[in-house]
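# Observations on the model geometry
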Amino acid sequence: MYILLVIFLAVFFYLFWIQCIYYQHNSKKSRKQLFKCMLFRNKQLKSSQISDLSRDVRALFLTAHPDDECMFFAPAILRLVELNASVHVLCLSQGNYYNQGVQRREELLDSCAVLGIPDSKVTIHDCKELPDDPDREWSISVASSVILKHIRAHSINVVLTFDGRGVSGHRNHIAIYKAVSYLSSTGSVPDDCSLLSLSTISVLRKYLFFLELPISWLLPSDLCCLIDSKGLKQAKRAMLCHRTQLQWFRYLYIWFSRYMIVNTFRVIDQGQKNLKIY
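In short, a report on the structure.

Rules behind the numbers
Residues numbered from 1 in each chain as written. Predicted model: local features only at pLDDT ≥ 70, side-chain atom pairs only at ≥ 80, totals over all residues. Heavy atoms only, no water. Helix = DSSP H or I, 4+ residues; strand = E, 2+ residues; numbered from the N terminus. Buried < 20%, exposed > 50% of the residue type's maximum accessible area, 1.4 Å probe, protein only. Areas by Shrake-Rupley, 256 points an atom, 1.4 Å probe, with all protein chains shown as cover. Phe/Tyr/Trp six-rings, centres within 6.5 Å; stacked < 30°, edge-to-face > 60°. Pairing = 2+ DSSP bridges. Axes fitted to C-alpha atoms, helices over the stretch in contact; angles between N-to-C directions. Contact = heavy atoms within 4.5 Å. Core = buried A, V, L, I, M, F, W, Y, C linked by side-chain atoms within 4.5 Å. Lys, Arg positive; Asp, Glu negative; His and termini not counted. Salt bridge = Lys/Arg side-chain N within 4 Å of Asp/Glu carboxyl O. Polar contact = N/O pair within 3.5 Å; in protein donor to acceptor, adjacent residues only side chain to side chain.

### Some remarks on the overall build of the protein
- Looking only at helices and strands, the protein features 12 helices and seven strands.
- Split into buried and exposed, the 278 residues of the protein put 51% on the buried side.
- Per element, the accessible surface of the protein, about 13800 Å² overall, is 57% carbon and sulfur.

See the structure below:
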C-alpha cells in the first residue's frame, strides 16, 4: 500500500510539474526571453523594446524535404506565428525520391497554410545538385549559396534548421547544417542574423511525447518552443496534409513524437573553422 501511495504521488507531482512548465512557457517573461534569444546579436537591444520585437523577427526555417516543417519544426513555427513574427520556409528539395515531387510540393504549401505561413513565404528549391536522396551527398557550396541568397533577399535575421545529427540522421538534413555552419565560419552571414540548430535527442526521449517535457526543460538549450493541445491539433492537421507520406509509422510519429509538441535549439557557433566543402 505504501509503495502504491509513493508511485501515485510521484506521478501526480510529475504531471503537476508538466503543467507548471506549460504555465511558465506561456508567461510574458518567457515570450521576452524568446525574442531576446533570437535577436541576441543585436547589441543595441534595450529592455524597453522587447514588447515590439515580434515585428522585428524575420525567421527562416531551412528544411530538406516537404514534411520536415511539421514533423520537426511545428512547435517553433506555430509559436512564432502566434507571436506575429514573419516566418519563412525554404525547402531545398521537392521530395522527388519516389517521383512524387509535384504532389509533395502541393502538400508542403497546404501544410504551411495550416501552420499559418502563406504561399508567398514558402520557397521550394529544386536542382540536380540537391536531390532528395539519403544516399547522395549534397554539394555544400551549392546549398550554402542558395541559403545565403534567400537570407539576403528576405532580410532574414533568424535561421532555424537541423543540427549536425539531423534529428533522424538523414544525410540531407546534416548537409543543411554543414552549409549553414560553412556560411557562419566564412563570415558570410549578415551581422544581425542569428543561427539556431534543432537539438537531436535519443530515440527513447524522442517517443516519450509530453512526458519528455521536464527533461527538455531542465537540460541546457538556447531556445525552447512549446505548444499546447490546440497547437498540437494544428501540427497534426499540417502533418496529415502530406498524404503521400502517411505510412503506418508516420501515424505513430504523430501520436508519440516529442518533436510534435516541443523544440529545443542551440546557437550555432559562428566561430567554427576547418569545415569540409564538397
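Structure's up, so let's keep going.
### Remarks on the packing of aromatic side chains
- One pass over the structure, following the stated rule, counts 10 aromatic pairs.
- Ring plane angle 65 degrees and centroid distance 5.2 Å describe the contact between Phe-73 and Phe-162, whose orientation is recorded as edge-to-face. Remark: Phe-162 occurs in strand β4 (residues 158-162) and Phe-73 occurs in the loop between α3 (68-71) and α4 (74-82); sequence separation between them is 89 residues.
- Residue Phe-162 is classed as buried on the basis of its relative accessible area of 0%.

### Quick word on the sheet that holds strand β5 (residues 194-198)
- Spatially, β3-β2-β1-β4-β5-β7-β6 is the arrangement adopted by the seven strands of the open sheet, whose pairing is mixed. Here the strands that pair on one side only, and so sit at the sheet edges, are β3 (122-124) and β6 (223-226). Across the sheet, the mean angle from the axis of one strand to that of its neighbour is 25 degrees, orientation sign disregarded.
- Sitting on the sheet, helix α5 (residues 101-115) touches β2 (86-91) and β3, and the angle it makes with β3 is about 160 degrees.

### Quick look at unusual backbone geometry
- Of note in the backbone geometry, Asn-84 takes a positive phi value of approximately 65 degrees without being a glycine.
- Unlike most non-glycine residues, Val-167 shows phi in positive territory, near 65 degrees.

### Remarks on the nonpolar core
- Phe-61, Phe-72, Phe-73, Leu-160, Leu-213, Ile-261 and Phe-265 are the most contacted members of the largest nonpolar core, which totals 51 residues.
- Among the elements that line this core, the one with the most residues is α4, at five residues.
- Aside from chain neighbours lying at most four places away, what touches Phe-72 is Phe-162, Val-167, His-173, Leu-198, Tyr-253, Tyr-259 and Asn-263.
- Ranked by size, the runner-up nonpolar core spans 26 residues in total, among them Ala-64, Ile-151, Leu-183 and Ile-268.

### Notes on the side chain of Glu-69
- For Glu-69, the position within the fold is in helix α3.
- No salt bridge is formed by the buried Glu-69; its nearest oppositely charged neighbour, Arg-104, is found at 7.4 Å.
- Reaching out from Glu-69, the side chain makes a polar contact with the backbone nitrogen of Asp-67 at a distance of 2.9 Å.
- A polar atom in the side chain of Glu-69 sits 2.7 Å from the side chain of His-242.
- Sequence-distant contacts of Glu-69, defined by excluding residues within four places in its chain, comprise Thr-63, Ala-74, Ile-77, Leu-108, Ser-111, Cys-112, Leu-115 and His-242.

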